[in-house]
Structure formats: structure tokens, C-alpha cells
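# Descriptive analysis of the structure
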Amino acid sequence: AQSVAQPEDQVNVAEGNPLTVKCTYSVSGNPYLFWYVQYPNRGLQFLLKYITGDNLVKGSYGFEAEFNKSQTSFHLKKPSALVSDSALYFCAVRDGRSGNTGKLIFGQGTTLQVKP
Amino acid sequence: EAGVTQFPSHSVIEKGQTVTLRCDPISGHDNLYWYRRVMGKEIKFLLHFVKESKQDESGMPNNRFLAERTGGTYSTLKVQPAELEDSGVYFCASSQSRNQPQHFGDGTRLSIL
């Protein structure tokens, strides 16, 4: 069965420090991986994706993520956190062999709190 | 370009009543998805339209939920009759193709009393 795990409910980091939000996944076929961010009372905003190619993916707002096939992980990273990065982050996966469906499986979300 | 639009943004109804949620996808996006997040849990897939056809409705919880996309433009999701466990935030998303990122609306917060 397909699944996504975000092991941390909350991540706290000081402004200017690097941040990591963890994500591991389980799919039968090749994974299509996504990170989304949600600000209060808003929808999910797309940050970045991995489908194929370079394992290090760069996305919006200075975020990047590294695909690690052996560890089935896709951790979100940023070298220097901003207070404005504080939000709820979701990792999602789509099984590349899932036929015609575009169904995404989401993790439970990780709240990122960046303190000044 | 305009994003995905959902309305109402918030709906409060009593158990047993009917509610209809609407989603307008980004123009030109053939793929339209419905998801919901119940009580702070993970976001769960409900169904996927390609134009007016239901491509995957494996996530629909039961026959009280009916989704339509007549003409392949906007979509509606009707809950009839609503039950307490239907409370949550219902998100709509659209994409150009199933491999492209899905763009989400702000959601409809549904409260069943």
C-alpha cells in the first residue's frame, strides 16, 4: 500500500539556521514526490517536485529537497530559515505505476515554527 | 491567471441536510481532484475527473457523496444527507496533466451540527 510518513508533528528552528522537514514514503512503482505548504486559512501551495533526474530538486522560496531511493526519503531543506517560512508543510507521493489516476497520498503534515 | 476557486469558503449545516460545494479549476486544466482533511488528520483523496469523466473515485466514502463535472469545467460535490463525520475541509485541485503539480483552492470548511 502507498503511504507517506512525516515523523515530526512540529519542527522548531531559529531564524537564519538551516531547516529540515522529514518525509519517507512507500510505493510499489517509481515515486512521484511533492512538497506543499499551507498558510492559515489558505489552500496548499506547490513548492517542488521530483519525478526523475537529479536527486536534488530546487523549488520555490529557496526550498530544496533530496530524493534518496535507498532510504525512501524526500526531506525538505532550506539553508537559512525565515520567520515567514512558518507554516504547515505536507509531503505527498503518487505511484508512477498507478495507471490513469493522479491521486496523491499525503503525509499528516509538519508544522514549521521559525523563531526570530 | 486565476487560481482554483472554491465556494462557499465555509458552510455550517445541520445533520441530515444537504450541502453542495463548488470548484472552478484553472482554465484549461482537464484534471480536477477533490480531497478532504478531517479533524487535523492527513489529507485524503476523494476522486479525480479528467474533463467530465470520473477517472478514479476510489476515495469517495459512501453513496451520500455525489460529484459531478458537467461539461468538463466546474465541479460540484454534494453531500446528502450530511452526517457529523463529514465535517472537515474539502479541497479541490486541478492540473494540466496527471503528472503535473496539482494547484489547490483555499478549501471549503464544512461544519455539521
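These figures come from a predicted structure and were not determined experimentally.

### Some points on the overall build of chain B
Looking only at helices and strands, chain B features zero helices and 11 strands. Ordered by position from N to C terminus, the α and β elements of chain B give β-β-β-β-β-β-β-β-β-β-β. For chain B, the C-alpha radius of gyration of 13 Å lies close to 13 Å, the compact-globule estimate for 113 residues. Projecting the C-alpha coordinates of chain B onto the three principal axes gives extents of approximately 35 × 25 × 25 Å. Here chain B holds 113 residues, and 46% of them are scored as buried. A sequence separation of at least 24 residues applies to 52% of the contacts in chain B between residues at least 6 apart.

### Comments concerning the environment of Leu56 of chain A
Residues and elements named next belong to chain A. Locating Leu56 in the fold gives a position in strand S7 (residues 56-58). Distance in space between the C-alpha atoms of Leu56 and Thr72 is 14 Å, their sequence separation being 16 residues. With residues up to four places along the chain from it excluded, the contact list for Leu56 reads Glu64, Ala65 and Glu66.

### Digging into the sheet that holds strand S8 (residues 75-79) of chain B
Residues and elements named next belong to chain B. Across the sheet, which stays open at both edges, the four strands sit in the order S1-S3-S8-S7 with antiparallel pairing between neighbours. Bordering the open sheet on either side are strand S1 (5-7) and strand S7 (65-68), each of which pairs with just one other strand. Averaged over all adjacent pairs, the angle separating strand axes in this sheet is 15°, with direction ignored. Across four bridges, the pairing between S7 and S8 is antiparallel. Counterpart to Ala67 in the pairing with S8 is Leu77.

### Section: the state of the cysteines
Residues and elements named next belong to chain A. A complete count under the given rule lists two disulfides over all chains for this structure. Each sulfur in the disulfide pair Cys23 and Cys91 lies 2.0 Å from the other. Of note, the bridge from Cys23 to Cys91 carries an S-S torsion of about -65° and is left-handed in sense. Residue Cys23 is located in the loop between strand S3 (19-21) and strand S4 (24-26), and its partner Cys91 is located in strand S10 (residues 87-95); the two are separated by 68 residues in the primary sequence. A residue is classified by how much of its surface remains accessible, and Cys91, at 0% relative accessible area, is buried.

### Focus on the side chain of Ser11 of chain B
For Ser11 of chain B, the location among the structural elements is in strand S2 (residues 10-13). Given the relative accessible area of 11%, Ser11 of chain B is considered buried.

Procedures and definitions
- Residues numbered from 1 in each chain as written.
- Chains lettered and ligands numbered in written order.
- Predicted model: local features only at pLDDT ≥ 70, side-chain atom pairs only at ≥ 80, totals over all residues.
- Heavy atoms only, no water.
- Helix = DSSP H or I, 4+ residues; strand = E, 2+ residues; numbered from the N terminus.
- Rg over C-alpha atoms; globule rule 2.2 N^0.38 Å.
- Buried < 20%, exposed > 50% of the residue type's maximum accessible area, 1.4 Å probe, protein only.
- Contact = heavy atoms within 4.5 Å.
- Pairing = 2+ DSSP bridges.
- Axes fitted to C-alpha atoms, helices over the stretch in contact; angles between N-to-C directions.
- Disulfide = S-S within 2.5 Å.

Without other data, these values stay purely geometric and don't point to any function.
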